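The chain contents come next:
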Amino acid sequence: MSRFAPAPTGYLHLGHVVSCLYVFGLTRALGGQVLVRIEDHDRTRARPEFDEAIREDLAWLGLIPDRSPWKGLGEFDPALRQSHRADVHAARLADLARGGLVYRCDCPRSSMTPGNDGELFHQGYCQSRKIPDDVPHGLRIPMPDRDITFHDLIAGPQSQNPFRQTGDLLARDRHGCFTYHFSCAVDDLDQGVNLVIRGRDLLASTGRQLALRELLSAPGSPVFCHHDLLVDETGRKLGKRFLSTSIRKMRLDGGTPESILGLAAFLARKTQHQGPLDLPSALDSFMR
Ligand code: GLU
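Right, let's walk through the structure included here. (Residues numbered from 1 in each chain as written. Predicted model: local features only at pLDDT ≥ 70, side-chain atom pairs only at ≥ 80, totals over all residues. Heavy atoms only, no water.)

**Re the overall build of the chain**
Phase 1 of the analysis: Along its length, the chain carries 10 helices and 13 strands.
Phase 2 of the analysis: For 288 residues, the compact-globule estimate of 2.2 N^0.38 gives 19 Å, and the C-alpha radius of gyration of the chain, at 20 Å, lies within 12% of that figure.
Phase 3 of the analysis: Overall, the chain is about 60 × 40 × 35 Å in size when its C-alpha atoms are taken along their principal axes.
Phase 4 of the analysis: The contacts of the chain with a sequence gap of at least 6 include a subset with a gap of at least 24, amounting to 70%.
Phase 5 of the analysis: If you sum the accessible surface of the chain, you get close to 13700 Å²; carbon and sulfur atoms cover 52% of it.
Phase 6 of the analysis: Distance between charge centres in the chain, computed from 36 positive and 35 negative side chains, equals 2 Å. (Helix = DSSP H or I, 4+ residues; strand = E, 2+ residues; numbered from the N terminus. Rg over C-alpha atoms; globule rule 2.2 N^0.38 Å. Contact = heavy atoms within 4.5 Å. Areas by Shrake-Rupley, 256 points an atom, 1.4 Å probe, with all protein chains shown as cover. Lys, Arg positive; Asp, Glu negative; His and termini not counted. Charge placed at Lys NZ, Arg CZ, Asp CG, Glu CD.)

Below, the structure written as structure tokens:
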């Protein structure tokens, strides 16, 4: 079981289409199934109109998952929308808290230092503080200071030390929203995801998600496959101008599913010439 897990904080763009073609292409080639999970854990940024637009754009492109949080697009499962699982996420965090694996933190982002890859680093100093109930606080999980190794199908052997990367992991923020890492690790586990295909920008997150799985007593870990992000002809990551052009806008400008799939395959260096591609050919190009 694999998944495509967009956050409904904007419209789908070509980078998402490339990710989908990897997910659907590789998973179906392996005989697996694909679920779509709407990652609306951040209630301050998720918007229902983007959620609905993701459904429409996927259907328009012909990318029909096996399971989704929408009626009429694969098997309907409302739990594939993270906001429907807040109780489950809270229960999992409470279990960890009972085991002494969660502590309160009221550090503002501005007090934290950026770690090696620019992400904020939390030393763990709140662990020994006793933050009272009435002080707004987030909840953190101590991360192991040891190497976690895994083999990525595209990026090869990896070794990551979650504590050295970002320190202790924020599982729930001070507004009560569960974070991406926590909800993603819980959901991948509960939803039986054993193949994670996503962009290379999330490769560095994998060690801490594996550390969380260990704490959640997960049996085994998924296979990971972090694909390249879209780049321009000089090899630089595609700029905002390209990625801010939504599939929706391309549709309004006369784009067809075939022209968009063809452009995605071409920009991902899966075809040598730019031109329209039907879905089977586009998926086929991502299996090579
Ligand atoms: N929700 C994340 C995003 O939209 C993707 C998460 C994942 O695939 O693990 O970037």
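**Some points on the nonpolar core**
Note that soluble globular proteins tend to have their nonpolar side chains buried in a common cluster.
Phase 1 of the analysis: Counting 37 residues, the largest nonpolar core has Leu14, Val17, Leu21, Leu58 and Leu63 as the members making the most contacts within it.
Phase 2 of the analysis: Elements supplying a minimum of two residues to this core: α1 (14-29), β2 (34-36), α2 (48-61), β12 (195-199), α8 (247-252), α9 (257-267) and α10 (279-285).
Phase 3 of the analysis: A per-element tally of this core places α1 first, with 8 residues.
Phase 4 of the analysis: Residues Leu35, Leu80, Leu96 and Phe163 belong to the second largest nonpolar core, which totals 28 residues. (Core = buried A, V, L, I, M, F, W, Y, C linked by side-chain atoms within 4.5 Å. Buried < 20%, exposed > 50% of the residue type's maximum accessible area, 1.4 Å probe, protein only.)

**A few points about a nonpolar patch on the surface**
Phase 1 of the analysis: Taken together, the side chains of Leu153, Ile154 and Val223 define a hydrophobic patch exposed on the protein surface, amounting to about 250 Å² of accessible area.
Phase 2 of the analysis: Assignment of secondary structure puts Ile154 in the loop between β9 (148-152) and β10 (156-160). (Patch = residues over 30% accessible without salt bridge, like charges linked within 9 Å, V, L, I, M, F, W, Y side chains within 5 Å. Salt bridge = Lys/Arg side-chain N within 4 Å of Asp/Glu carboxyl O.)

**Quick word on α1**
An α-helix turns once every 3.6 residues. As a result, residues three or four positions apart point the same way.
Phase 1 of the analysis: The end-to-end C-alpha distance of α1, which contains 16 residues, comes to 22 Å, matching closely the 22 Å that a straight helix rising 1.5 Å per residue would cover.
Phase 2 of the analysis: Of all 16 residues in α1, 12 are buried, a share of seventy percent or more.
Phase 3 of the analysis: Along α1, the positions that sit buried rather than exposed are Leu14, Gly15, Val17, Val18, Ser19, Cys20, Leu21, Tyr22, Val23, Phe24, Gly25 and Thr27.
Phase 4 of the analysis: Positioned one or two residues after α1, Gly31 has a phi angle of 80°, which is positive. (Expected span 1.5 Å × (residues − 1).)

**So, the sheet that holds strand β8 (residues 138-141)**
Phase 1 of the analysis: One open sheet accounts for 3 strands, arranged β5-β8-β11; its pairing is antiparallel. If you trace the sheet from one side to the other, it starts and ends with β5 (103-105) and β11 (169-172), each paired once. Strand-to-strand, the axes of this sheet are offset by a mean angle of 50°, without reference to chain direction.
Phase 2 of the analysis: One ladder, built from 3 bridges, connects β5 with β8; its direction is antiparallel. Within the sheet, the bridge partner assigned to Tyr103 lies in β8 and is Arg140. (Pairing = 2+ DSSP bridges. Axes fitted to C-alpha atoms, helices over the stretch in contact; angles between N-to-C directions.)

**A word on the pattern of salt bridges**
Phase 1 of the analysis: Taken as a whole and assessed by the stated rule, the structure comprises 21 salt bridges.
Phase 2 of the analysis: Between Arg47 and Glu49 there is a salt bridge; the shortest N-O distance is 2.7 Å.
Phase 3 of the analysis: By relative accessible area, which is 41% here, Arg47 ends up partly exposed.
Phase 4 of the analysis: Judged by its relative accessible area of 38%, Glu49 is partly exposed.

**A look at helix α3 (residues 86-98)**
Phase 1 of the analysis: Taking 1.5 Å per residue as the helical rise, α3 with its 13 residues ought to reach 18 Å, and the 18 Å between its terminal C-alpha atoms agrees with that figure.
Phase 2 of the analysis: Listing the buried residues of α3 in full gives His89, Leu93 and Leu96. Seen end-on, α3 carries its buried residues on one side only, within an arc spanning 55°. The outward face of α3, more than 90 degrees from its buried face, is lined by the exposed residues Asp87 and Arg98.
Phase 3 of the analysis: Looking at the buried side of α3, the elements it contacts are β8, β11, α5 (180-190) and α6 (206-215). (Arc of directions from axis to C-beta.)

**Regarding the packing of α3 against α5**
Phase 1 of the analysis: Where α3 contacts α5, the axes come no closer than 10 Å and their chain directions differ by 100°. Accordingly, the angle class assigned to the pair α3 and α5 is roughly perpendicular. Of the residues in α5, those in contact with Val88, His89, Arg92, Leu93 and Leu96 of α3 are Phe182, Ser183, Val186, Asp187, Leu189 and Asp190.
Phase 2 of the analysis: Here the residues of the contact of α3 with α5 are counted per class, giving 6 nonpolar, 2 polar and 3 charged. (Parallel < 35°, antiparallel > 145°, perpendicular 65-115°, else oblique. Nonpolar A, V, L, I, M, F, W, Y, C, P; charged D, E, K, R; others polar.)

**Here's the deal with the packing of aromatic side chains**
Phase 1 of the analysis: Tallied over the full model, the rule gives 5 aromatic pairs.
Phase 2 of the analysis: Taking the centre distance of 4.9 Å and the plane angle of 85° together, the rings of Tyr11 and Phe50 count as edge-to-face. One end of the pair, Tyr11, is in the loop between β1 (2-4) and α1; the other, Phe50, is in helix α2, and 39 residues separate them in sequence.
Phase 3 of the analysis: Phe50 gets classed as buried once you look at its relative accessible area, which sits at 10%.
Phase 4 of the analysis: Cation over ring: Lys270 sits above Phe286, and NZ or CZ is 5.7 Å from the ring centre. (Phe/Tyr/Trp six-rings, centres within 6.5 Å; stacked < 30°, edge-to-face > 60°. Lys NZ or Arg CZ within 6 Å of the ring centre and 35° of its normal.)

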